[in-house]
Amino acid sequence: MDQRADRPPLYIAMHERDNVAIVANDGGLPAGTVFPSGLELREKVPQGHKVALVDLAEGAPVLRYNVVIGYALKPIARGSWVHERLLQMPTARELDGLPIATVKPPAAAPLEGFTFEGYRNPDGSVGTRNILAITQTVQCVAGVTDFAVQRIKKELLPKYPNVDDVVALEHTYGCGVAIDAPDAIVPIRTLRNISLNPNFGGEVMVVSLGCEKLQPERLLPPGTIPLVDERNVADIGASAENKLDVVCLQDDAHVGFMSMIDSVMRQAEEHLERLNARQRETVPASELVVGVQCGGSDAFSGVTANPAVGFCTDLLIRAGATVMFSEVTEVRDGIDQLTSRATTPEVAQAMIREMAWYDAYLDKGRVDRSANTTPGNKKGGLSNIVEKAMGSIIKSGSSPISGVVSPGEKARQKGLLYAATPASDFICGTLQVAAGMNLHVFTTGRGTPYGLAEVPVIKVATRSDLARRWHDLMDVNAGRIADGEASIEDVGWELFRLMLDVASGRQKTWAEQWKLHNALVLFNPAPVT
Ligand code: CA
């Protein structure tokens, strides 16, 4: 029997001005429950769902996180379940007249002395894993590449023990697309920058079909791949033009399927040799490029896991690292919090530009940011996107926001960055891989087995119930915060230290252990043909 079943009744309010709070107890609480404050439940309220702390008149603003998450559609008595059906969602904040760079937080003391063991790359970036990634120009070659990768893993990888894995960068782009449409730049630069992720050591090799629209030179134009060193230059004839290592399946030299496989394997072995010769070295924590996101969120996401990640984000920023937070539709309702935290008006304007672009993108499909929430979110107590956004945005901590990364672009500076991506777990993760992420933190309340082949994913559970049931999938249990067993700071520090261990390869995440690899999913706002 669950030892937590007889815990005293507990609700959690996020701000002193809030007129609703969420029920914390596993399984929810029955009608008649009396809290230590004297509040009595008028009906059963499930875990994570809201209870009215005061009588709410029809039309009254409902406050959580000290933000209006809705208006009461009818009178709601104190102690009642504030169900999503009882709330009218507020309209989205206009994108003009926003506070611009108004918050000047006191400079936080630098956090010094923290290091991890990483792979230093020729371009100065640092990998947390040593992976051979095989780039593909088009989906047509995916089957052949996968066949070759299976053989490489079986026959070659055991000879190169210092290489962690071989990964085929499969995707659905490359042909049958309007490649000259202005927005096609998004999937193209995403694929280019994924190939250059720090975990791949600059060892780019490409499998191409031959007749596709996305020709290798268009994907990786001369000069994109940094020359590894002089030995490499000598190998290929000192010219950046013929630096690109391409296996073209339609090449006349290929007679039969096996000759294609042989070509891929032969080329792969050259890269494996060089990757295998690399050594981890001690580097400062400032070399971490962390992507944070959430998926399968519930009402506890914004109470436990995301605040702990936010605390950890502040630690990382103090240590000089890079942290990217994303998911446009999950921060859209908090745009004023973000523009006010921008370090410069230019950064604030860049955020507004990304939000406006996304508003228009959604509008073209005749929806708005409210299309974000899922049945699971609502079952977990999140009434609407405003409430979800307030819980999501906390992942960004309280540091100043110093830059904006457009979809598919590479992050070119350190600090706290807003990487504009869809909230879709796989698309967000894919774009963060392109942005140069070398470590991924993912919070979940409902539970998701999410993982990536390219970058280690640390998963943080929002509730102890989930952490117990999914004990071999969740890496950190932030539910201890709601249980009163740990503080936000405790879990934030635990996560920070775990990140250094995972980055160093000293510890594997559960997703790595089980090899749970979600597909790379490109964001393609351009037409297909
Ligand atoms: Ca997500």
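Source: prediction; values computed, not measured.

Trainee: Looking at this structure, how should I read the overall build of the protein?
Mentor: Scanning the protein from terminus to terminus reveals 15 helices and 20 strands. Expected size for 529 residues packed as a compact globule is a radius of gyration near 24 Å; at 25 Å, the protein falls within 12% of this value. The C-alpha extent of the protein, read off along each of the three principal axes, is 80 × 45 × 45 Å. Split into buried and exposed, the 529 residues of the protein put 58% on the buried side.

Trainee: Hey, could you run me through the sheet that holds strand β12 (residues 245-248) in this one?
Mentor: Strand pairing in a sheet takes place through backbone hydrogen bonds and is either antiparallel or parallel in direction. One open sheet holds the four strands; their spatial order is β10-β9-β11-β12, and the pairing between them is parallel. If you trace the sheet from one side to the other, it starts and ends with β10 (165-169) and β12, each paired once. Shown here is a sheet whose adjacent strand axes are inclined to one another by a mean of 25°, direction ignored. Relative to strand β9 (residues 131-136), helix α5 (residues 257-276) is tilted by about 140°, and along the sheet it contacts β9, β10, β11 (205-208) and β12.

Trainee: Is there a simple way to explain the nonpolar core in this structure?
Mentor: One recurring pattern in soluble globular proteins: nonpolar side chains tend to sit buried together. Core analysis: the largest hydrophobic core is formed by 58 residues, its most contacted members being Leu-288, Val-290, Leu-316, Tyr-418, Leu-495 and Met-499. With 25 residues, the next largest nonpolar core counts Leu-156, Leu-249, Met-260 and Val-264 among its residues.

Trainee: Whenever I open this one, the sheet that holds strand β5 (residues 67-72) confuses me. Can you help?
Mentor: Spatially, three strands are ordered β4-β5-β6 in an open sheet, and the strand pairing comes out antiparallel. The open sheet terminates on both sides in strands that have one partner only, identified here as β4 (61-64) and β6 (87-88). Sheet topology note: the β4/β5 ladder contains four bridges and is antiparallel. The residue bridging Val-62 from the neighbouring strand is Gly-70, located in β5. Taken strand by strand, helix α10 (residues 385-392) contacts β4 and β5, and its axis lies near 160° from that of β5.

Trainee: Help me understand the domain arrangement of the protein in this model?
Mentor: By a frequent convention, interface size equals the accessible area lost on bringing the separate parts together. Entries for the protein in the domain assignment read domain 1 (1-91), domain 2 (117-281) and domain 3 (288-514). Listed as interface residues are 25 residues of domain 1 and, on the opposing side, 26 residues of domain 3. For the pair domain 1 and domain 3, the two sides together bury roughly 2000 Å², of which 54% comes from carbon and sulfur. Here Lys-50 ties to Glu-387 by a salt bridge, and the two come within 2.8 Å at their closest N and O atoms. Remark: the boundary between domain 1 and domain 3 carries 14 residue pairs in polar contact (both at pLDDT 80 or more). Residue contributions to the side of domain 1 that touches domain 3 peak at three residues, all from β5.

Trainee: Please explain the coordination of the calcium ion as it appears in this structure.
Mentor: Perfect tetrahedral coordination of a metal by four donors corresponds to 109.5 degrees between them, and perfect octahedral coordination by six donors corresponds to 90 or 180 degrees. Distances from the calcium ion to its protein donors, namely Gln-293 (OE1), Cys-294 (O), Glu-327 (OE), Ala-423 (O) and Asp-425 (OD), fall within the range 2.3 to 2.6 Å. When the donors of the calcium ion are listed by position in the chain, the intervening gaps give Q-C-x32-E-x95-A-x1-D. Residue Gln-293 is found in strand β14 (residues 289-294), and its partner Glu-327 is found in the loop between β15 (322-325) and α7 (335-341); the two are separated by 34 residues along the sequence. Take Gln-293 and Glu-327: they sit in the same class, and that class is buried.

Trainee: Where do I start with the environment of Leu-417 in this structure?
Mentor: Residue placement: Leu-417 occurs in strand β17 (residues 415-419). Among the residues examined, Leu-417 registers a relative accessible area of 1% and is labelled buried. Sequence separation of Leu-417 and Ser-195 is 222 residues, and the distance between their C-alpha atoms is 21 Å.

Trainee: So what exactly am I meant to see when it comes to helix α14 (residues 488-503) here?
Mentor: Owing to its 3.6 residues per turn, the α-helix aligns residues three or four sequence positions apart on the same side. End to end, α14 covers 22 Å across 16 residues, agreeing with the expected 22 Å (1.5 Å per residue, within 8%). Every buried residue of α14 is accounted for by Val-491, Gly-492, Leu-495, Phe-496, Leu-498, Met-499, Leu-500, Val-502 and Ala-503. Positioned one or two residues after α14, Gly-505 has a phi angle of 80°, which is positive.

Trainee: Would you mind showing me how to read unusual backbone geometry here?
Mentor: Keep in mind that most residues, glycine aside, have a negative phi and that most peptide bonds are trans. A positive phi angle, close to 60°, is found at Tyr-65, a residue other than glycine. We classify Tyr-65 as buried; its relative accessible area is 14%. With a phi close to 60°, Asn-66 is a non-glycine residue in the positive phi region. Structurally, Asn-66 can be placed in the loop between β4 and β5. For Asn-66, a relative accessible area of 27% gives the class partly exposed.

Trainee: How do you make sense of a nonpolar patch on the surface when you look at a structure like this?
Mentor: Together, Phe-147, Phe-257 and Met-258 give the surface a local cluster of nonpolar side chains, amounting to about 260 Å² of exposed area. Turning to its location among the elements, Phe-147 is positioned in helix α1 (residues 142-156).

Analysis parameters
- Residues numbered from 1 in each chain as written.
- Predicted model: local features only at pLDDT ≥ 70, side-chain atom pairs only at ≥ 80, totals over all residues.
- Heavy atoms only, no water.
- Helix = DSSP H or I, 4+ residues; strand = E, 2+ residues; numbered from the N terminus.
- Rg over C-alpha atoms; globule rule 2.2 N^0.38 Å.
- Buried < 20%, exposed > 50% of the residue type's maximum accessible area, 1.4 Å probe, protein only.
- Pairing = 2+ DSSP bridges.
- Axes fitted to C-alpha atoms, helices over the stretch in contact; angles between N-to-C directions.
- Contact = heavy atoms within 4.5 Å.
- Core = buried A, V, L, I, M, F, W, Y, C linked by side-chain atoms within 4.5 Å.
- Domains from an automatic or database assignment.
- Buried area = accessible area lost by both parts, 1.4 Å probe.
- Salt bridge = Lys/Arg side-chain N within 4 Å of Asp/Glu carboxyl O.
- Polar contact = N/O pair within 3.5 Å; in protein donor to acceptor, adjacent residues only side chain to side chain.
- Donors = N, O, S within 2.8 Å, 3.2 Å for Na, K, Ca; no water.
- Expected span 1.5 Å × (residues − 1).
- Patch = residues over 30% accessible without salt bridge, like charges linked within 9 Å, V, L, I, M, F, W, Y side chains within 5 Å.
- Areas by Shrake-Rupley, 256 points an atom, 1.4 Å probe, with all protein chains shown as cover.

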